[in-house]
Amino acid sequence: MVFYSQQSQKDFVRIFKGLINWKTKYNQPRMTYAEVVEYRNDIYRQCLSIDNVIFHHKTTYKDHKKFGQYVFSYKRTSRTIWYIIYDIEGNNNDVFIKKIINNYLTIE
């Protein structure tokens with residue numbers, strides 16, 4: 001099963017607000033409300049798929065290591081990658097998502 005930390009739940013809210021408020025240089029919205037919801041739901045679906053992954057990749061970036069041991073990369077566009085940082089816990093190998101961050105905010 002997949003579980004979410006309070007931080008990762010806040011990340012979903014932050015992602016939603018960031019996308020809905022993302023404007024062009026002429027202050028026009030870049031995405032419609034429906035597009036933002038679908039974008040956020042796509043990330044959510046990726047999170048749910050992690051417990052079916054056979055091989056779990058260890059975190060390599062210093063920024064990621066402070067949140068969890070493993071990272072799942074979701075390439076959304078040619079320029080945007082979402083990193084879902086998580087740990088595996090319990091006898092059932094449950095996935096506990098700790099942080100969701102994109103490549104623009106990952107600093108190494």
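Quick note: structure is the one above.
Bear in mind the structure is a predicted one, so any value in this text is a computation, not a measurement.

(A) Seen up close, the sheet that holds strand β4 (residues 81–89). Taking strand neighbours across the sheet as the criterion, the 5 strands line up as β1-β5-β4-β3-β2 in an open arrangement whose pairing is mixed. Looking at the sheet topology across the chains shown, the edges are occupied by β1 (2–4) and β2 (57–58). Bridge count for β2 against strand β3 (residues 70–75) is 2 bridges, and the pairing is antiparallel. Of the residues in β3, the one forming a bridge with H57 is V71. Against the sheet, helix α1 (residues 6–20) engages β1, β4 and β5 (94–102), with an angle of about 35° to β5.

(B) Representation of the pattern of salt bridges. A full pass over the atoms with the stated rule returns 6 salt bridges. The shortest N-O distance in the salt bridge between D11 and K99 comes to 3.1 Å. Highlighted residues: D11 in helix α1 and K99 in strand β5, separated in sequence by 88 residues. Look at D11 and you get buried, because its relative accessible area is 1%. Salt-bridge contacts for K98 lead to D87; the nearest nitrogen and oxygen are separated by 2.7 Å. Residue K98 is found in strand β5, and its partner D87 is found in strand β4; the two are separated by 11 residues along the sequence. The exposure classification of K98 matches that of D87, with both residues buried. Among the ionic contacts, a cluster of salt bridges with common partners joins E38, D42, R45 and R76.

(C) Highlighting the side chain of K99. Judged by its relative accessible area of 11%, K99 is buried. A polar contact of 3.1 Å, which involves the side chain of K99, links it to the side chain of D11. Once residues within four sequence positions are removed from consideration, K99 is found in contact with Q7, S8, D11, R14, F67, Y83, I84 and I85.

(D) Region of the structure containing the pairing of β4. Taken together, the 6 bridges between β3 and β4 define a ladder with antiparallel strand orientation. Across the sheet, residue K75 finds its bridge partner in β4, namely I81. What sits between β3 and β4 in their antiparallel hairpin is a turn of 5 residues. Pairing of β4 with β5 involves 8 bridges; the strand directions are antiparallel. Across the sheet, the residue bridging to W82 is N102, located in β5. Where β4 hands over to β5, the hairpin turn is made up of 4 residues, of which G90 adopts a positive phi near 80°.

Cut-offs and rules
- Residues numbered from 1 in each chain as written.
- Predicted model: local features only at pLDDT ≥ 70, side-chain atom pairs only at ≥ 80, totals over all residues.
- Heavy atoms only, no water.
- Pairing = 2+ DSSP bridges.
- Helix = DSSP H or I, 4+ residues; strand = E, 2+ residues; numbered from the N terminus.
- Contact = heavy atoms within 4.5 Å.
- Axes fitted to C-alpha atoms, helices over the stretch in contact; angles between N-to-C directions.
- Salt bridge = Lys/Arg side-chain N within 4 Å of Asp/Glu carboxyl O.
- Buried < 20%, exposed > 50% of the residue type's maximum accessible area, 1.4 Å probe, protein only.
- Polar contact = N/O pair within 3.5 Å; in protein donor to acceptor, adjacent residues only side chain to side chain.

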